[in-house]
Protein chains: 2
Amino acid sequence: MGFREHLQAICKSCEGALACSLMGVDGIEVDSHVEGSGEVDVKALLVEYSGLFRNAREAAETHGAGGIAELFVETEKVLTVARLISPEYYMVVALAPGGNLGKARYLLRVTAPRLRSEL
Amino acid sequence: MGFREHLQAICKSCEGALACSLMGVDGIEVDSHVEGSGEVDVKALLVEYSGLFRNAREAAETHGAGGIAELFVETEKVLTVARLISPEYYMVVALAPGGNLGKARYLLRVTAPRLRSEL
C-alpha cells in the first residue's frame, strides 16, 4: 500500500473527512488525498498550519515539555488533527464541522506506524 | 465567583489537571490557577503557546476557514487544550499525560460563557 492509499483509506473510514495529507514539518506536502471540493482550500490551509507544528515544537522544547505528539485546531469551518510520525513528518486529517474527530485521531494513531515504516 | 475560582474549579474537577489560565490572545495572562509544581514550568509554556493561537487565527483567516474555536497540543509531558471565549481572550487547561482530556474540553465549553459574561 502506497502513501496515497493509506491517506485515502483514512478519509473513507472517517465520517466528515475532507482531506488527509502526509506532510513534512517544513510545510512541504509529501502526498494528499482530498475528498471532493468544499468552500475552504483545505490543502492550502494544511500547508499554512505546518507553521503551528514548528512553533509548538520550539515552545515545548524551550520549556522541557518533550516532543510534540499531536496537534488539533478547530475553526468554524474545519477541524484539523495532526500526528507526528517521525521527527520530520506528520499526518494530518481535515474534517468538516461535526466530523468524527475521535475516529480521525484513532485512525492516525493506528496508521502512523505503517507510514513510518515506509518513509 | 471571580476568574480565579472558575479556573480553580476546573482544575479540581478534572483528573490530571496541572493548571488553568485565562489568557489574552496577545500572550498576557489575566489569571491562573496552578495545581502544585511539576517538572515543566506550565505557566511559561502556556504563555509561549499563545503564539499558536495567533498563528492559527491568521492561517484560518487567510484561507476562509472562519474563527478559531479550540486548539489542542499534546507533547510527551503536557497536554494542553485551549478554547477562545471572546475575540481577545481564551481559557487554557494543561494536563499531565493520561489526564482527562474529554473532561477538560467539556469544562472549558461550559465555563466559557460564564467567564465571557464577566470579562
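Residues numbered from 1 in each chain as written. Chains lettered and ligands numbered in written order. Predicted model: local features only at pLDDT ≥ 70, side-chain atom pairs only at ≥ 80, totals over all residues. Heavy atoms only, no water.

A. Fine view of the side chain of Ser32(B). Residues and elements named next belong to chain B. With respect to the helices and strands, the residue Ser32 is situated in strand S2 (residues 29-34). A residue is classified by how much of its surface remains accessible, and Ser32, at 8% relative accessible area, is buried. When residues no more than four places from it in sequence are discounted, the contact partners of Ser32 are Arg4, Leu7, Cys20, Ser21 and Lys43. (Helix = DSSP H or I, 4+ residues; strand = E, 2+ residues; numbered from the N terminus. Buried < 20%, exposed > 50% of the residue type's maximum accessible area, 1.4 Å probe, protein only. Contact = heavy atoms within 4.5 Å.)

B. Representation of the interface of chain B and chain A within the structure. In this complex, chain B contributes 31 residues to the contact, which on the side of chain A involves 32 residues. Carbon and sulfur atoms supply 59% of the area buried between chain B and chain A, which totals about 2,400 Å² over both sides. When the buried surface of chain B facing chain A is broken down by residue, His63(B), Phe72(B) and Glu74(B) rank first, second and third, together holding 23% of it. Connecting chain B to chain A are zero salt bridges. (Buried area = accessible area lost by both parts, 1.4 Å probe. Salt bridge = Lys/Arg side-chain N within 4 Å of Asp/Glu carboxyl O.)

C. Molecular detail of the packing of helix H1 (residues 3-13) of chain B against helix H3 (residues 101-118) of chain B. All names here are of chain B. Closest axis-to-axis distance for the H1/H3 pair is 10 Å, and the angle between their directions is 170°. It follows from the interaxial angle that H1 and H3 lie roughly antiparallel. On H3, the residues that touch Phe3, His6, Leu7, Ile10 and Ser13 of H1 are Lys103, Leu107, Leu108, Thr111, Arg114, Leu115 and Glu118. Its residues assigned to classes, the contact of H1 with H3 shows six nonpolar, three polar and three charged. (Axes fitted to C-alpha atoms, helices over the stretch in contact; angles between N-to-C directions. Parallel < 35°, antiparallel > 145°, perpendicular 65-115°, else oblique. Nonpolar A, V, L, I, M, F, W, Y, C, P; charged D, E, K, R; others polar.)

D. Examining the pairing of S2(B) more closely. Residues and elements named next belong to chain B. Where strand S1 (residues 17-24) lies against S2, five bridges are found, and the strand directions are antiparallel. In the sheet register, Ala19 faces S2, and the bridge partner there is Val34. With antiparallel pairing between neighbouring strands as the criterion, S1 and S2 make up a hairpin whose turn holds four residues, including Gly27 at a positive phi of roughly 90°. (Pairing = 2+ DSSP bridges.)

E. How the structure looks around the sheet that holds S1(B). Taken in spatial order, the 10 strands of this open sheet run S2(A)-S1(A)-S5(A)-S4(A)-S3(A)-S3(B)-S4(B)-S5(B)-S1(B)-S2(B), and their pairing is antiparallel. With one partner strand each, in any of the chains shown, strand S2 (29-34) of chain A together with S2 of chain B form the two edges of the open sheet. Within the sheet, the average angular offset between the axes of one strand and its neighbour, ignoring direction, is 10°. Sitting on the sheet, helix H2 (residues 42-62) of chain A touches strand S1 (17-24), S2, strand S3 (68-75), strand S4 (79-84) and strand S5 (89-95) of chain A together with strand S3 (68-75) of chain B, and the angle it makes with S3(A) is about 130°.

F. Up close: H2(A). Helix length check: H2(A) (21 residues) gives 31 Å between terminal C-alpha atoms against 30 Å at 1.5 Å per residue, within 8%. Listing the buried residues of H2(A) in full gives Val42(A), Leu45(A), Leu46(A), Tyr49(A), Ser50(A), Gly51(A), Leu52(A), Phe53(A), Ala56(A), Ala59(A) and Ala60(A). Buried positions along H2(A) lie against S1, S3, S4 and S5 of chain A together with helix H2 (42-62) and S3 of chain B. Directly beyond the C-terminal end of H2(A), a positive phi value near 65° is found at Gly64(A). (Expected span 1.5 Å × (residues − 1).)

G. Molecular detail of the relation of the copies chain B and chain A. When chain B is fitted to chain A, the residual RMSD is 0.0 Å, and the transformation amounts to a turn of 180° plus an axial shift of 0.0 Å. Classification of the inter-copy transformation places it as that of a two-fold axis. For chain B, the smallest separation between a C-alpha atom and the rotation axis is recorded for Phe72(B), amounting to 2.4 Å. Comparing interface residues between copies, 100% of those in chain B also sit at the interface in chain A, which points to an isologous, same-surface contact. (Least-squares fit on C-alpha atoms with pLDDT ≥ 70 in both.)

H. Up close: the pattern of salt bridges. What the rule picks out here adds up to 14 salt bridges over all chains. Here Arg105(A) and Glu70(A) are joined by a salt bridge, their closest N and O atoms 2.7 Å apart. Of this pair, Arg105(A) sits in helix H3 (residues 101-118) while Glu70(A) sits in strand S3; the two residues are 35 residues apart in sequence, bridging distant segments of the chain. In this structure Glu70(A) comes out as buried when scored by relative accessible area, which is 0%. Lys43(B) is the salt-bridge partner of Glu29(B), the closest N and O atoms lying 3.6 Å from each other. Linking Glu29(B) in strand S2 with Lys43(B) in helix H2, this pair joins segments that are 14 residues apart in sequence. Residues participating in the shared-partner salt-bridge network are Glu70(A), Arg83(A), Arg105(A) and Arg109(A).

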